[in-house]
Amino acid sequence: MATPGYGKQSAPEQLPRSARDFAHLPAREAYLASLIDRLPDGAAMDAKTLAVLQPHYGQMACRSALTKLSTAGHLRRVRERLDSRQCRWVFRTYFSRTPRSDGWWAHFLSTGEASTPAAPDPPRERTLNRTSPTSAAYAALAGLGLVDPRLALSAADCAALEPLAAEWLDRGTTLPLFTAALTANLPPDIHSPAGFTRRRLIDKLPPERPQAPRPPQPVPIPECTDCRTPCRPHALLGGLCRACRSTPGTPPAAPPRPGTLSPAAVHRHAARARGALRRDSAPPLPLRAP
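Keep in mind the model is a prediction, meaning the values are calculated, not measured.

Cut-off values and rules
Residues numbered from 1 in each chain as written. Predicted model: local features only at pLDDT ≥ 70, side-chain atom pairs only at ≥ 80, totals over all residues. Heavy atoms only, no water. pLDDT = per-residue confidence, 0-100. Helix = DSSP H or I, 4+ residues; strand = E, 2+ residues; numbered from the N terminus. Contact = heavy atoms within 4.5 Å. Pairing = 2+ DSSP bridges. Axes fitted to C-alpha atoms, helices over the stretch in contact; angles between N-to-C directions. Parallel < 35°, antiparallel > 145°, perpendicular 65-115°, else oblique. Nonpolar A, V, L, I, M, F, W, Y, C, P; charged D, E, K, R; others polar. Phe/Tyr/Trp six-rings, centres within 6.5 Å; stacked < 30°, edge-to-face > 60°. Buried < 20%, exposed > 50% of the residue type's maximum accessible area, 1.4 Å probe, protein only.

Chemist: Tell me about the confidence of the model for the chain, and please be specific about residues and values.
Modeler: Note: predicted coordinates in regions of low pLDDT should not be interpreted at a detailed level. The predicted model of the chain averages 79 in pLDDT, with 77% of residues at 70 or higher. For the chain, per-element mean pLDDT is lowest for helix H11 (residues 263-281), which scores 75, and highest for helix H9 (residues 193-203), which scores 93. Ignoring residues within four places in sequence, the model shows residues 116-132, a span with pLDDT below 50, making 28 contacts including any to other chains.

Have a look at this one:
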């Protein structure tokens, strides 16, 4: 659980650390970003805590730096319920050493997914997806030949059989059970490993298992980095609400309190009250004789 004070949460799929991570930032923001990057998840990273952790910048400078890091795509603040059954809220700051676009952050905070084709990542981030990772189904098929050479499959065979193997895994089959089911009781000679594997994938497909309903997951509520006003993800540009974007560096003015009286109205009410007191305290008039 995050500690109070906007506990840090690392954003997914970041590039590995390098000496050029924050070279595009001013010196103050680069220094504090490097400090935040090395904090463990759950650590407090509000302006007051950052001012205590290092000797160079005070609270106001740290607050301004956090706003600059937000507009540069490195962080977003959210408030979240611990779970759907409790009304306890925690505050977290998602931090990414890799700068992200507004679209990436909006999609991630709304769905929990790291990327979306509708909101492309900045050019630096696209290096993460240059090679697509091998799926678990493909890896399971490729490993059959290591268990028994009679089921050695080519790359083309694994790609063609991958949808059938993925159906096994979607139905809850573990990788050891998958391998055991396909390699058990093999005939002495297999002339077509791909055809034999396809037949077994179809004939021995396990039944669908009913899944228990998942409890609803709490939805995080993004906040403006500067004034901490809750907003919808798509309404935050650079992590800032419209009021903070229109007046950079100046917190929005507090709304007037309802029912506030003008000075003239106060004087009128006071005059009426004094008149009522004088009437109540005046001696009664004497009765006249008939």
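Chemist: Describe the sheet that holds strand S3 (residues 89-95), listing the residues and the values that go with them.
Modeler: Pairing in this open sheet of four strands is mixed, and the strands run S1-S3-S2-S4 from one edge to the other. The open sheet terminates on both sides in strands that have one partner only, identified here as strand S1 (7-10) and strand S4 (221-223). Each neighbouring strand pair of the sheet contributes to a mean axis angle of 40°, computed without reference to strand direction. In this sheet, S3 lies alongside strand S2 (residues 75-81) in antiparallel orientation, the contact comprising seven bridges. Opposite Glu 80, over in S3, you have Val 90 as the bridge partner. Across the sheet, helix H4 (residues 102-111) touches S2, S3 and S4, and the angle it forms with S2 is around 15°.

Chemist: Talk me through the packing of helix H1 (residues 27-37) against helix H3 (residues 59-71); I want residue IDs and the actual numbers.
Modeler: The N-to-C vectors of H1 and H3 enclose an angle of 85°; their axes lie 9 Å apart at closest approach. Comparing their axes, H3 and H1 come out roughly perpendicular. Together, Arg 28, Glu 29, Leu 32, Ala 33 and Ile 36 of H1 and Ala 61, Cys 62, Ser 64, Ala 65, Leu 66, Lys 68 and Leu 69 of H3 make up the contact between the two elements. Split into classes, the residues belonging to the contact of H1 with H3 amount to eight nonpolar, one polar and three charged.

Chemist: Give a detailed account of the packing of aromatic side chains, specifying residues and quantitative values.
Modeler: One pass over the full model with this rule turns up seven aromatic pairs. An angle of 85° between the planes, with centres 5.3 Å apart, marks the rings of Tyr 94 and Phe 108 as edge-to-face. Residue Tyr 94 is found in strand S3, and its partner Phe 108 is found in helix H4; the two are separated by 14 residues along the sequence. A residue is classified by how much of its surface remains accessible, and Phe 108, at 9% relative accessible area, is buried. Where Trp 104 meets Phe 108, the ring centres are 5.3 Å apart and the plane angle is 25°; that geometry is what we call stacked.

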